[in-house]
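Commentary on secondary and tertiary structure
Each chain is listed here by its residues.
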2 protein chains.
Amino acid sequence: MTGPLEGIRILDLSWVLAGPFATMILGDLGAEVIKVERPETGDLARGNSPLVDGESFYFLSVNRGKKSLTLDLQTPEGKEVFLKLVKKVDVIVENFLPGTMDKLGLGYEVVKRENPAIIYASISGFGQTGPYAPYRALDIIVQAMGGMMSLTGEPDGQPLKPGAALGDITTGLFTATGILSALLERQKSGQGQMLDMSMLDCQVAILENAFARFFATGKVPHRTGDRHPLFTPFQAFETRDGYIAVAMVGGMRNQWALFCAIAGLLELIDDERYNTHELRSEHYQELEPVLKSVMKTKTTAEWLEELSAVGIPCAPVNTIDQVASHPQVLAREMIVEVPHPRLGKVKVINSPIKLSRTPAKVERTSPDLGQDTEPLLTELLNMSQDEIDKLRKSGVI
Amino acid sequence: MTGPLEGIRILDLSWVLAGPFATMILGDLGAEVIKVERPETGDLARGNSPLVDGESFYFLSVNRGKKSLTLDLQTPEGKEVFLKLVKKVDVIVENFLPGTMDKLGLGYEVVKRENPAIIYASISGFGQTGPYAPYRALDIIVQAMGGMMSLTGEPDGQPLKPGAALGDITTGLFTATGILSALLERQKSGQGQMLDMSMLDCQVAILENAFARFFATGKVPHRTGDRHPLFTPFQAFETRDGYIAVAMVGGMRNQWALFCAIAGLLELIDDERYNTHELRSEHYQELEPVLKSVMKTKTTAEWLEELSAVGIPCAPVNTIDQVASHPQVLAREMIVEVPHPRLGKVKVINSPIKLSRTPAKVERTSPDLGQDTEPLLTELLNMSQDEIDKLRKSGVI
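If you're wondering where the values come from, they're calculated on a predicted model, not measured in any experiment. (Residues numbered from 1 in each chain as written. Chains lettered and ligands numbered in written order. Predicted model: local features only at pLDDT ≥ 70, side-chain atom pairs only at ≥ 80, totals over all residues.)

1. Side note on the overall build of chain A
Helices and strands together make up the secondary structure of chain A, namely 18 helices and 13 strands. For chain A, the C-alpha atoms occupy an extent of roughly 85 × 50 × 40 Å along the three principal directions. Scored against the burial criterion, the 397 residues of chain A give a buried share of 56%. For chain A, restricting intrachain contacts to residue pairs at least 6 apart in sequence, the fraction spanning at least 24 positions comes to 68%. (Helix = DSSP H or I, 4+ residues; strand = E, 2+ residues; numbered from the N terminus. Buried ≥ 20, exposed ≤ 12 C-beta atoms within 10 Å, placed from the backbone. Contact = placed C-beta atoms within 7 Å.)

2. Digging into the nonpolar core
If you look at the biggest cluster of nonpolar residues, it comprises 246 residues, and the most contacted ones within it are Ala-245 of chain A together with Ala-245 of chain B. Beyond its immediate chain neighbours, meaning those up to four positions away, Ala-245 of chain B contacts Ile-140, Ile-141, Ala-144 and Met-149 of chain A together with Ala-236, Cys-314, Ala-315 and Val-317 of chain B. (Core = buried A, V, L, I, M, F, W, Y, C linked by C-beta atoms within 7 Å.)

3. Focus: the sheet that holds strand β8 (residues 193-198) of chain B
Pairing between sheet strands relies on hydrogen bonds along the backbone, with the strands arranged either parallel or antiparallel. Residues and elements named next belong to chain B. Read from one edge to the other, the open sheet built from six strands follows the order β5-β2-β1-β6-β7-β8, with strand pairing classed as parallel. Pairing within the sheet leaves two strands with one partner each, and these edge strands are β5 (67-70) and β8. Across the sheet, the mean angle separating the axes of adjacent strands is 20° when strand polarity is ignored. Of the pairings in the sheet, the one linking strand β1 (residues 9-12) to strand β2 (residues 32-37) comprises four bridges and is parallel in character. From the neighbouring strand, Ile-10 faces β2, where its bridge partner is Val-33. (Pairing = 2+ DSSP bridges. Axes fitted to C-alpha atoms, helices over the stretch in contact; angles between N-to-C directions.)

4. Remarks on the sheet that holds strand β11 (residues 314-316) of chain A
Residues and elements named next belong to chain A. The strand order across the open sheet built from three strands is β9-β10-β11, with neighbouring strands paired in antiparallel fashion. Edge positions in the sheet fall to β9 (234-238) and β11, since each has one partner strand and no second. Here the strands of the sheet are splayed against their neighbours by 20° on average, with no regard to which way each runs.

5. Concerning the packing of helix α1 (residues 18-28) of chain A against helix α7 (residues 166-189) of chain A
Helix-helix packing is characterised by the crossing angle of the two axes and by the distance between the axes. Residue and element names in this part refer to chain A. Between α1 and α7, the least distance of the axes is 7 Å, while the angle of their chain directions is 50°. The angle between α1 and α7 falls in the class oblique. The hand of the α1/α7 crossing is right-handed. Here α1 contributes Ala-18, Phe-21, Ala-22, Ile-25 and Leu-26 to the contact with α7, which in turn contributes Asp-168, Ile-169, Thr-171, Gly-172, Thr-175, Ala-176 and Ile-179. The class makeup of the residues in the contact of α1 with α7 is eight nonpolar, three polar and one charged. (Parallel < 35°, antiparallel > 145°, perpendicular 65-115°, else oblique. Left-handed = near helix turned anticlockwise from the far one by under 90°. Nonpolar A, V, L, I, M, F, W, Y, C, P; charged D, E, K, R; others polar.)

6. Examining the relation of the copies chain A and chain B
Each of the two chain copies goes to the other by way of a rotation about an axis and a shift along it. Rotating chain A by 180° and translating it 0.0 Å along the rotation axis places it on chain B, where the RMSD comes to 0.0 Å. Taken together, the rotation and translation relating the two chain copies correspond to the operation of a two-fold axis. Mapped onto chain B, 99% of the interface residues of chain A are again interface residues, and the two copies thus contact each other with one and the same surface. (Least-squares fit on C-alpha atoms with pLDDT ≥ 70 in both.)

7. Considering the interface of chain A and chain B
With 126 residues of chain A in contact, the opposing surface of chain B contributes 125 residues. Of the residues assigned to the side of chain A that touches chain B, the class counts are 76 nonpolar, 34 polar and 16 charged.

8. As for helix α17 (residues 373-381) of chain A
All names here are of chain A. Turning to α17, its buried residues are Thr-373, Leu-376 and Leu-377. Viewed along the axis of α17, the buried residues span an arc of 100°, placing them on a single side of the element. Relative to its buried face, α17 has exposed residues pointing more than 90 degrees away, namely Pro-375 and Glu-379. Structurally, α17 contributes buried residues whose contacts are with β2 (32-37), β5 (67-70) and α18 (385-393). Where α17 terminates, the next one or two residues include Asn-382, which has phi positive at roughly 60°. (Arc of directions from axis to C-beta.)

9. Description of helix α9 (residues 208-217) of chain B
Within α9 of chain B, nine of the 10 residues are buried, leaving the element largely enclosed by the surrounding structure. Of the residues making up α9 of chain B, those classed as buried are Glu-208, Asn-209, Ala-210, Phe-211, Ala-212, Arg-213, Phe-214, Phe-215 and Ala-216 of chain B. If you follow the buried residues of α9 of chain B, they end up packed against β3 (51-52), α2 (57-63), α15 (320-324) and β13 (344-349) of chain A together with α8 (199-206) of chain B. Gly-218 of chain B sits one or two residues past α9 of chain B and shows a positive phi near 75°.

10. So, the domain arrangement of chain A
Here chain A is partitioned into domain 1 (9-206 + 334-393) and domain 2 (234-317). Placing a centre on the C-alpha atoms of domain 1 of chain A and another on those of domain 2 of chain A gives a separation of 44 Å. (Domains from an automatic or database assignment.)

11. Brief notes about the environment of Thr-365 of chain A
Summarising the element assignment, Thr-365 of chain A is placed in the loop between β13 and α17. As for Thr-365 of chain A and Glu-337 of chain A, which are separated by 28 residues in sequence, their C-alpha atoms are 9.1 Å apart.

12. Section: the environment of Pro-162 of chain A
Tracing the sequence through the fold places Pro-162 of chain A in the loop between α6 (139-145) and α7. Judged by the 27 C-beta atoms lying within 10 Å of it, Pro-162 of chain A falls in the buried class. As a C-alpha pair, Pro-162 of chain A and Ala-247 of chain A span 85 residues in sequence and 20 Å in three-dimensional space. Discounting chain neighbours no more than four positions away, the residues touching Pro-162 of chain A are Met-148 and Thr-152 of chain A together with Thr-152 and Pro-162 of chain B.

13. Quick look at the pairing of β5 of chain B
All names here are of chain B. Burial of the side chains of β5 extends over both faces: Lys-67 and Leu-69 are buried on one face and Ser-68 and Thr-70 on the other. Where β2 lies against β5, four bridges are found, and the strand directions are parallel. Counted as the bridge partner of Ile-34 is Lys-67 from β5.

14. Some details on unusual backbone geometry
In this model, Ser-49 of chain B is joined to Pro-50 of chain B through a cis peptide bond whose omega is 5°. Secondary-structure assignment places Pro-50 of chain B in the loop between β2 and β3 (51-52). In this structure, Pro-233 of chain B follows Thr-232 of chain B across a cis peptide bond, with omega equal to -10°. Along the chain, the position of Pro-233 of chain B falls in the loop between α9 and β9 (234-238). Its identity is not glycine, yet Val-16 of chain A carries a phi of approximately 65°, on the positive side. The topology assignment puts Val-16 of chain A in the loop between β1 (9-12) and α1.

Encoded structure:
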């Protein structure tokens, strides 16, 4: 069994995170991802900490299973090789500053002439159009500009960054989706197209609910700390020995009464201030100290047992080491070990896309810089050893 | 021009968020999404606030452009209609508790017999397998259990929830990707398959970098507030009138010196404690008060101008109203107005997937409950008005 994208070949010029995360998803699903890297230095992320014996786990994590081909796109010979490779692939992904590929003479219009069926995905901070197009962006920049940070943090504290690089990660996800939709369309039309992905657009897209609230009410959504903007309790509580998340939602009528009974807060069951999620959210200031102090009286395990018994969704707030050894995470094989030429075996996170007939697979670590240059040039472009040696000597590969 | 998924038909049994977000993405790209809802009540999210004249903007935001067909899957007639519909569609999406569809006699094995080419996507909190499979989960539950909350918040504060329902949103994104990959594979094999998506798996997947750090060093990643775990400064600062995000990364050697020069902190340029990102992160405790106090001396606009001038990535921390009127967001047409039968026009967030030849489109609002039942039953199943009336009378539709 091979992945669903077996036979799809991607020329991946992208670096650091948003682009590599997109091609990682597609590679896990069976696509052949050829990372095109600058000779000698390669993807900047190869130097990102943490390093173990000089190997970047930052890089390794999102580039597992890919091939690496070095190519200097600044040289005429490099451009020539690139335009030949373009005819042999289905997809190109790049996340340089807008205009970079055009300046190199390798923009979509040029590439399309060589291969009209190509899907050409450009990822940038703000997109290829609009007044901000020329500016460089990084994860925190789009999380700040797009509104995510204004919604993350304590209500009276400063704006914070969520615990993952969502500016990059969600752009990678939307990009993978866009590429697959274009490949599917190509099956009918025989034609490729360009995909213009903006990290800022993707931030706005994942905040649809905050915008919906703003469009409906005109009120500006603000930070709610650990709480849900609409439901109460739907938050994390400190317990005697840690933290627990408790989540009640609308439509489940008895949950509040059951919770009060278990917590020994019988007097709150019929308290008119707390009858509904709306009321509890409205009167949260009075409710908060009561809830917080009662939740501290038992351990996380005790609360988990008692609340789960009556069907109230709850969970411990796990740290990363706890997640890494969690029975459900292990049962779902979300952590896999792959062989590494120098480190023995390394652990990486598996694909969450679980297909029954053509499963995703994570079997190899990240490539050494340029490790596949020669076999790829031979196999795809039918180059002779002489031609390859010449390119090597002149520093093109 | 129509979207790339024109001609793909999805029977969407999903509710609230993860499933509807997945089918929203696919619907924006041109797929025909038929929301199958329980007669009379429909998707629970139809009641989710904020409501405007009884219309849920929560629901509207993620169900724009879909059709609605009411069907009681508990009745023999409802099941019969469902199994007939199954032959007319490409994809099924459901996010009930694992086992629910099997109990209804409508699980994958049954559906597959009717239509071997079907892509059947099941979404659940923990997946269809493993010890936690039977448990219900909600967004905050998987964000707590999966580690995201342990990484979000002030270093010395309590774990917080990021400003979006990432448990649902990222699962929707991975699910859309998985469905498209299976559709693409089906073009070759002619066969469908099942997709078993877990919200917990998806949380783990988006935290790959935190796991990479843990696997590399054995150190448990912790909350860093607004800061990057590796780079300094890469964070938000309070200014004289708001907040600004400033982001320096490795590989850009002069940024620290330029920043110090602009901030009037010349004495720090050659301070050995602060020479590299690693050192600045290590000595952040001493550095923090200096940076925080200098950043408060100017307005956000002043800092933006001065830092941008030397190419240091920076951005204001925008609130949702500011994002909604941001020139780049408007230039990218990320906010669209669609007609609504009772509210006139409503604003929704556009698809961030910008394709050149077959663009995504958001043109219609969400469907009224069951509004498309009769035309769909006529068109797809060739049902007579008599048959439809009978189903209506018995409450099946």
